[in-house]
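Structure assessment
Each chain, letter by letter, is given below.
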2 protein chains.
Amino acid sequence: MVTVALDVLGGDNAPGSNIDGALLALEKSSEVSVLLFGPEGKIREELKKRQKEETDRLRIVDAPEFITQEDHPVSAIQQKKESSIVKGLMAVKSGEADAFLSAGSSGAVLAGGQLKLGRIKGALRTPLATAIPTAKGVSLLLDCGANVDARPEWICQFARMGDIYAKKLLGIKEPSVKLVNIGTEDEKGNALIKAVKPMLEGLQDINYQGYIESREIPEGAADVIVTDAWTGNAMLKLYEGTASTLVKLIKSAITADFKSKIGALLIKDSLKETLKFFDASQYGGAPLLGLKGLVVKCHGNAKASEISNGILQCLTFVNAGINEELSEKLQADSLLFQKDIAK
Amino acid sequence: MVTVALDVLGGDNAPGSNIDGALLALEKSSEVSVLLFGPEGKIREELKKRQKEETDRLRIVDAPEFITQEDHPVSAIQQKKESSIVKGLMAVKSGEADAFLSAGSSGAVLAGGQLKLGRIKGALRTPLATAIPTAKGVSLLLDCGANVDARPEWICQFARMGDIYAKKLLGIKEPSVKLVNIGTEDEKGNALIKAVKPMLEGLQDINYQGYIESREIPEGAADVIVTDAWTGNAMLKLYEGTASTLVKLIKSAITADFKSKIGALLIKDSLKETLKFFDASQYGGAPLLGLKGLVVKCHGNAKASEISNGILQCLTFVNAGINEELSEKLQADSLLFQKDIAK
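Values in this document were obtained by computation on a predicted structure and should not be read as measured data.

What counts, and where the lines are drawn
- Each residue is numbered by its place in its chain's sequence as written, counting from 1.
- For this description, chains carry letters from A and ligands carry numbers from 1, given in the order in which they are written.
- Predicted model: local features are reported for residues with pLDDT of at least 70 only, side-chain atom pairs are reported and counted for 80 or more only, and whole-chain, interface and lining totals are derived from all residues.
- Think of the side-chain values as coming from all heavy atoms in the structure, minus any hydrogens and water.
- In this description a helix means any DSSP run of H or I spanning at least four residues, a strand means any run of E spanning at least two, and both kinds are numbered starting from the N terminus.
- For a compact globule the rule gives 2.2 Å times the number of residues to the power 0.38, and the radius of gyration it is set against comes from C-alpha atoms.
- A 1.4 Å probe rolled over the protein chains alone gives each residue an accessible area, and that area as a share of the maximum for its type sets the label: buried under 20%, exposed over 50%, partly exposed in between.
- The protein chains shown are the only cover counted for residues, whose accessible areas, like all others here, come from Shrake-Rupley with a 1.4 Å probe.
- Side-chain atoms within 4.5 Å link the members of a nonpolar core, which is a set of buried Ala, Val, Leu, Ile, Met, Phe, Trp, Tyr and Cys residues.
- By the convention used here, residues are in contact when the closest approach between their heavy atoms is within 4.5 Å.
- Copies are brought into register by a least-squares superposition over C-alpha atoms of residues with pLDDT of at least 70 in both.
- Put simply, a salt bridge is a Lys or Arg side-chain nitrogen that is within 4 Å of an Asp or Glu carboxyl oxygen.
- Throughout, buried area stands for the accessible area (probe radius 1.4 Å) lost by two parts on being put together, summed over both.
- Polar contact is the term for a pair of N or O atoms within 3.5 Å; when the atoms are in protein, one must be able to donate a hydrogen and the other to accept it, and sequence-neighboring residues count only if both atoms are side-chain atoms.
- Ten residue types, Ala, Val, Leu, Ile, Met, Phe, Trp, Tyr, Cys and Pro, are classed as nonpolar, four, Asp, Glu, Lys and Arg, as charged, and the remainder, Gly among them, as polar.
- For this analysis, a ring pair means two rings from Phe, Tyr or Trp (six-membered ring only for Trp) whose centres lie within 6.5 Å, classed as stacked if their planes differ by under 30 degrees, edge-to-face if by over 60, and tilted for the remaining angles.

**Quick notes on the overall build of chain A**
- When you go through chain A residue by residue, the secondary structure sums to 11 helices and 11 strands.
- Computed over the C-alpha atoms, the radius of gyration of chain A is 21 Å, within 12% of the 20 Å expected from 2.2 N^0.38 for a compact globule of 343 residues.
- Expressed along its principal axes, the backbone C-alpha trace of chain A runs to roughly 60 × 60 × 35 Å.
- Expressed as a percentage of the 343 residues in chain A, the buried residues total 59%.
- Approximately 13700 Å² of chain A is accessible, and the part contributed by carbon and sulfur atoms is 49%.

Dropping the structure here:
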């Protein structure tokens, strides 16, 4: 049995969709149990509305405080000790839960994971690894998180982490790993990239295939795409923003006049699948890799299905022993970095 | 009369579309003349096919060498002295032409501009400023070029340059200027951004409006968007790649079956406009700002209309006295940087 601590308060559709997501996950798998972190009265009320109640596999843990999007992440983690985020993370630290899942403030979840749980042995940083949809299926982009001003050895570790996650959780055999650059020629790149390149080439048992230009990402040109958090975060948000704007424009164009509206009805079914192109909710959320325990961040606008998928993703993550393998491989790799840094 | 040196050999559709673009520009404006740089015989042949010949406003300058996409940019500029790129740039340097336009190797055009022409007084670097389409119209993104590992004062200058260009060439009154960041809160950002922020706040007569997250770019949340070349180039390519992939997927979805095909016919007209969303060819090419003279880079896949628009853009640029204003304002601003750097 894997126990997931769920932040009932986080996200635009909280608490309803989060609770629906928990119920859905419990239906889908008998191997998972959920701890609901949030104001007890509110949660009881929501369960009652759904004619549900607490069970062995669905327990309420009272967490009356709420960390908002406006709160300063680090201060909020330090001060709001009764918040759903802090209490949920502490449940992972104490071993009461195996994983923490939230659709709330990214900053607070990222900062909280690092401050409260700490890193597994060997991990220098804890990248946020986001599954992004592509024309071929899915790619894993990391780091999309908060480790700005990255050091070369961090990025090299992200390749190892991404490789293991892509294999064990996304089920990709020998995932191709590429490094983001602004050209594919050898002399291209900033100082950081030039330092990362020889390290990546020295990593054992990784299908490293060199540089990727960002224009190739939507086509699905690599399974694992590594970059610093600054670039990763900027690209992820642009990817989501471009898709969302374009989809909005298309929807408005094809309902602009009577003729188009008729046409829109006819193409509706085939277009629906395509407009889902940028919907990665089937992959659950984005894990922070390299933490003791597991922290998963869902989209702020997560619906019940994404929360449910996120909970089941925690089950797979824990059962696959990803953290154990991460720690072992990262420690083995570290000899390589020390050699490189000493050069 | 403004004279534009055109690289006849550069681009996927060369030489045909480049020559068509030149002819189109000459038709559209009587104030522009074009020098065609490329192998003389080949150009004569292409003109003959079109029943055209050399005139006072359309002259051929023999440039038998060709810089390919595979050539190392800096070496090619140094070695291929008879290439269309080097000879075209030298015509600007000598004053024979006012501007150089190419759809060829970006690396060679960027390197060549810097090596052959040099910077105007006051300019620390020469950003590539790209007009990108948005839901509201157009934004100017700079630097999309080759100045990786940027210094804070370079980025601050990009804001000034973008402001002047947006006003004088894109016709935007009091353009809003924003700085790319991975969040809009004050504490967000890498070391570079934190150093740029106070400099931008100190710039006089600029409508600086703080941070922009990349997800807001497609909506058109700022007129001028400044960032370092690493981030700008990665974002520009991702923007183009995402749009192109999504448009491809949509086209294939709406022609997938018979019902959809009928629907596609009905929505064709309204959709066509929308699918042009990411087509910035109406704005011509991307100038390298801050060079002595003017260098404009068109897309590799530029058609005649983009080349023609690029030529007319050179006319506007020169007539508006953009370089004179750039130099004056950049020198005035430089006092601010010196103060900041000394702090």
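**Points about the nonpolar core**
- Among the nonpolar cores identified, the biggest contains 74 residues, and Ile85(A), Val295(A), Ile85(B) and Val295(B) are the most heavily contacted of them.
- Discounting chain neighbours no more than four positions away, the residues touching Val295(B) are Leu89(B), Phe100(B), Val109(B), Gly113(B), Leu117(B), Ala286(B), Pro287(B) and Leu288(B).

**Here we look at the relation of the copies chain A and chain B**
- At an RMSD of 0.0 Å, chain A and chain B line up after a rotation of 180 degrees and a shift of 0.0 Å along the axis. The symmetry that links the two subunits is that of a two-fold axis. Residue Gly263(A) of chain A places its C-alpha closer to the rotation axis than any other residue of that unit, at 1.9 Å.
- Looking at the interface residues of chain A, 100% of them are also at the interface in chain B, so both copies use one shared face.

**Observations regarding the environment of Ala264(B)**
- Along the polypeptide, Ala264(B) turns up in helix H9 (residues 258-275).
- Taking relative accessible area as the criterion, Ala264(B) reaches 11% and is therefore assigned buried.
- On a C-alpha basis, the gap between Ala264(B) and Ile254(B) in space is 5.8 Å, while along the polypeptide they are 10 residues apart.
- Apart from residues lying up to four places away in sequence, Ala264(B) is in contact with Ile267(A) and Ile254(B).

**Some remarks on the pattern of salt bridges**
Residues and elements named next belong to chain A.
- Within this structure, the stated rule accounts for 38 salt bridges over all chains.
- Lys167 is the salt-bridge partner of Asp163, the closest N and O atoms lying 3.0 Å from each other. Linking Asp163 with Lys167, this pair stays in helix H6 (residues 152-168), spanning 4 residues, or about one helical turn.
- Classification of Asp163 by relative accessible area gives buried; the value is 2%.
- Three or more residues are tied together by salt bridges with common partners; here these are Asp20, Lys42, Glu45, Glu46, Lys49 and Arg50.

**Quick look at the interface of chain A and chain B**
- Contact residues are listed per partner, giving 55 residues for chain A and 55 residues for chain B.
- Approximately 4900 Å² of surface area, both sides summed, lies buried where chain A meets chain B, with 70% of it carried by carbon and sulfur atoms.
- Looking only at chain A, the three residues that lose the most surface to chain B are Ile182(A), Trp230(A) and Leu238(A), adding up to 16% of its buried area.
- The interface formed by chain A and chain B holds 6 salt bridges in total.
- Where Asp269(A) meets Lys259(B), a salt bridge forms, and the shortest distance between an N and an O atom there is 3.2 Å.
- If you look at where chain A meets chain B, you find 16 residue pairs in polar contact (both at pLDDT 80 or more).
- At the level of secondary structure, the elements contributing two or more residues to the side of chain A that touches chain B comprise helix H7 (191-202), helix H8 (229-253) and helix H9 (258-275) of chain A.
- When residues in the side of chain A that touches chain B are grouped by element, the largest group, 17 residues, is from H8(A).
- In terms of residue class, the side of chain A that touches chain B is built from 28 nonpolar, 16 polar and 11 charged.

**Some remarks on the side chain of Lys80(B)**
Residue and element names in this part refer to chain B.
- Tracing the sequence through the fold places Lys80 in the loop between helix H3 (73-79) and helix H4 (84-94).
- Side-chain polar atoms of Lys80 contact the backbone oxygen of Phe66, separated by 2.8 Å.
- Engagement of the side chain of Lys80 in a polar contact is seen with the side chain of Asp71, the distance being 2.7 Å.
- If sequence neighbours within four positions are ignored, Lys80 has contacts with Glu65, Phe66, Ile67, Asp71 and Val86.

**Looking at the packing of aromatic side chains**
Residue and element names in this part refer to chain A.
- Across all of its chains, the model carries 2 aromatic pairs over all chains by this definition.
- Centre to centre, the rings of Tyr165 and Phe317 are 6.1 Å apart; their planes meet at 50 degrees, and the pair counts as tilted. Of this pair, Tyr165 sits in helix H6 while Phe317 sits in helix H10 (residues 304-319), placing them 152 residues apart in sequence. Accessibility classification places Tyr165 together with Phe317 in one group, the buried group.

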